[in-house]
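Chain residues, written in single-letter form:
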Amino acid sequence: MSKLNSGILGTGHSFPEGILTNADLERIVDTSDEWITTRTGIKQRRKAAPDEYTSQFAVRASRQAIARAGIDPADIDLILCATVTPDQILPSTGCLIQAELGAHKAAAMDIVAACSGFLYGLSLADAMIRGGQSEYALVIGAEILTRYVDYTDRSTCVLFGDGAGAAVVGAVESGRGILAAKIRSDGRYQDQLYAPGGGTKGGFSAETIARGDHFFKMKGNELFKIAVRSMADISREVLLEAGLTTEDVKLFIPHQANQRITDAVANKLNVDTSMVYSNIAMHGNTSSASIPIGLDECVTAGRVQKGDVILMASFGGGVTWGGVVVRW
Ligand code: UT7
C-alpha cells in the first residue's frame, strides 16, 4: 500500500469573553500578581460564563479550521475531541460537536488524556489517515477548566483557563505534514493531578460536592520535574524518528503549563528562545486546548511558512505526554 502523509490543512481557536486577571485573583485567594507572574508567567486567563459550555467553543474553533481547510463539514469522517471537561458524561462532546457542525458522516469520540489530548488526537488521526481509514479528521482540544478549579486552593486556581483549538487533518504530498508522532502515559503517577469525585469510584453526592471532590488536585512540584523530563525526552525521540535535529526546528510549541517549564524544556533541548512560542501570560494553562490555540495563533500571525519544521510537545495528568513533528 502506498504510504500517504497526513498534514494539518486548517486551524482555528475560540475563547470565552470573560477574563480573570491576577488582580481579580488577589481579591479571591491569598496570592499576588508578583507570585503568579514570577512562578508561572501567567497574567490573565479566560473564564467562561456559567451558562457557557465546552462544545460551544469547540464548534467555533472547528468552523474556522474547516473553513481554512477549504472543506465542507460533510467531508469530515473522524472527530476526535480531547477534553477533561466535557459538556456532559454521555454522549461524548465529540458527538455534540458533530451534530452542531452537521458532520454526519463522521465517527466522533472524546479523548481523555488531559493536557496531551490534542497531540494524542493528532497522532491517532495521522495513523487513521495513513492507514486509509480516514480522509479528513477534525482534531479538537477544548476545555472549561475553571468549572473544576477550587477557588479556595491558591496552588491550582491561579493556573487554569478556558478555550478551544481545532485542526483539520488530511492527506498531503509526501515529505510534508506529520513526520513523526509519539504518545505515552504512565498511570503510576495518577495521583499527581486528578479529580477524585464524580465517577464510579469516588461517587457523587451532596457530601462529595461539599468536600470539593470534583475539583482538580495537583502535586505541582513533583509534576514540574516529570513534565520537563518527559517533554524534552519525547521531543528528542520524535525529531530522531523524523531524521531531524533541534537545529531544523523553526517553531517549538510546547504545552503551556508554566513559563518556567517551557524555559527548562527549551534549555534542555538547546532550542533558541526566539523559536519557542508562549502565550501563557494571556491564557494560562488551557490543558488540551493550549497547543492548538498556540498553533492557530502562530498560523494567523504569519509565523509559520510552507516548509517550516514545527515541534509540539505536551505533558499532563495521567500522566500523559506526547510529541509531534510537522513540516508545514
Ligand atoms: O498542565 C500540565 C500539568 N501541570 C504542571 O505540570 C504544573 C507543574 N507545576 C507547576 O507549574 C508549579 O509547581 C506550580 C506553579 C504549581 C507551583 O510553583 P512552585 O514554584 O512549585 O511552588 P510551590 O508549590 O513549591 O510553593 C512554594 C510556596 C509555598 O509556600 P511555602 O510552603 O513555601 O510557605 C506555597 O504555599 O508558594 C506558595 N504558593 C503560593 N503563594 C502565593 C503556592 N501557590 C501560591 C499562590 N500565591 N498562588
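Each value, and the rule that gives it
Residues numbered from 1 in each chain as written. Predicted model: local features only at pLDDT ≥ 70, side-chain atom pairs only at ≥ 80, totals over all residues. Heavy atoms only, no water. Near = heavy atom within 4 Å. Polar contact = N/O pair within 3.5 Å; in protein donor to acceptor, adjacent residues only side chain to side chain. Areas by Shrake-Rupley, 256 points an atom, 1.4 Å probe, with all protein chains shown as cover. 1 Å grid on protein atoms, 1.4 Å probe; cavity = no way out; pocket = protein on both sides within 12 Å on 5 of 7 lines; lining within 4 Å. Sits in = over half its atoms within 2 Å of the grid points. Helix = DSSP H or I, 4+ residues; strand = E, 2+ residues; numbered from the N terminus. Nonpolar A, V, L, I, M, F, W, Y, C, P; charged D, E, K, R; others polar. Domains from an automatic or database assignment. Pairing = 2+ DSSP bridges. Axes fitted to C-alpha atoms, helices over the stretch in contact; angles between N-to-C directions. Contact = heavy atoms within 4.5 Å. Buried < 20%, exposed > 50% of the residue type's maximum accessible area, 1.4 Å probe, protein only.

**Q** How do you make sense of the site of the ligand when you look at a structure like this?
**A** Residues in contact with the ligand amount to 23 residues; listed here are only the nearest, Thr31, Arg39, Asn221, Asn258 and Asn285. At 2.7 Å from an oxygen atom of the ligand is found a side-chain nitrogen or oxygen belonging to Asn221. A distance of 2.7 Å is found between an oxygen atom of the ligand and a side-chain nitrogen or oxygen belonging to Asn285. Considered on its own, the ligand offers 950 Å² of accessible surface; in the complex 73% of this is hidden by protein. Because more than half of its atoms lie within 2 Å of the grid, the ligand is assigned to the second largest pocket. For the shell around the ligand, the elements supplying multiple residues, two or more each, are α2 (33-40), α6 (154-157), α8 (220-241) and α9 (259-269). Take the shell around the ligand: its biggest share by element is 4 residues, from α8. Here the residues of the shell around the ligand are counted per class, giving 11 nonpolar, 8 polar and 4 charged. Composition of the shell around the ligand by domain shows at least three residues from each of domain 1 (5-175) and domain 2 (179-187 + 218-327).

**Q** Even after reading the chapter, I still don't get the sheet that holds strand β12 (residues 309-316), so can you show me in this structure?
**A** Within a sheet, adjacent strands bond to each other through the backbone by hydrogen bonds, running parallel or antiparallel. An order of β8-β13-β12-β11 is seen for the 4 strands of this open sheet, with the pairing classed as mixed. Two strands in the sheet have a free side with no partner beyond their single neighbour: β8 (177-185) and β11 (249-254). Averaged over all neighbouring strand pairs, the angle between strand axes comes to 10°, with direction disregarded. Where β12 meets strand β13 (residues 320-327), 8 bridges bridge the pair, whose relative direction is antiparallel. Paired with Leu311 across the two strands is Val325, which belongs to β13. Across the sheet, helix α5 (residues 117-130) is in contact with β8, β12 and β13; its angle to β8 comes to roughly 125°.

**Q** How should I be thinking about the side chain of Gln256 in this particular structure?
**A** Within the secondary structure, Gln256 is located in the loop between β11 and α9. We classify Gln256 as buried; its relative accessible area is 1%. Here the side chain of Gln256 touches Tyr277 through a polar contact of 3.1 Å, landing on its backbone oxygen.

**Q** Would you take a moment to explain the sheet that holds strand β5 (residues 107-111) for this structure?
**A** Pairing is mixed across the open sheet formed by 5 strands, whose spatial order is β1-β7-β6-β4-β5. Edge positions in the sheet fall to β1 (5-14) and β5, since each of these pairs with one other strand and no more. With direction set aside, neighbouring strand axes in the sheet form an average angle of 20°. When β1 meets strand β7 (residues 162-172), the two strands line up antiparallel, connected through 9 bridges. Of the residues in β7, the one forming a bridge with Ser6 is Ala171. Along the sheet, helix α4 (residues 93-101) makes contact with β4 (78-82), β5 and β6 (136-144), crossing β5 at roughly 140°. Running at roughly 90° to β1, helix α11 (residues 290-300) makes contact with β1, β6 and β7 of the sheet.

The analysis is restricted to geometry; functional conclusions fall outside its scope.
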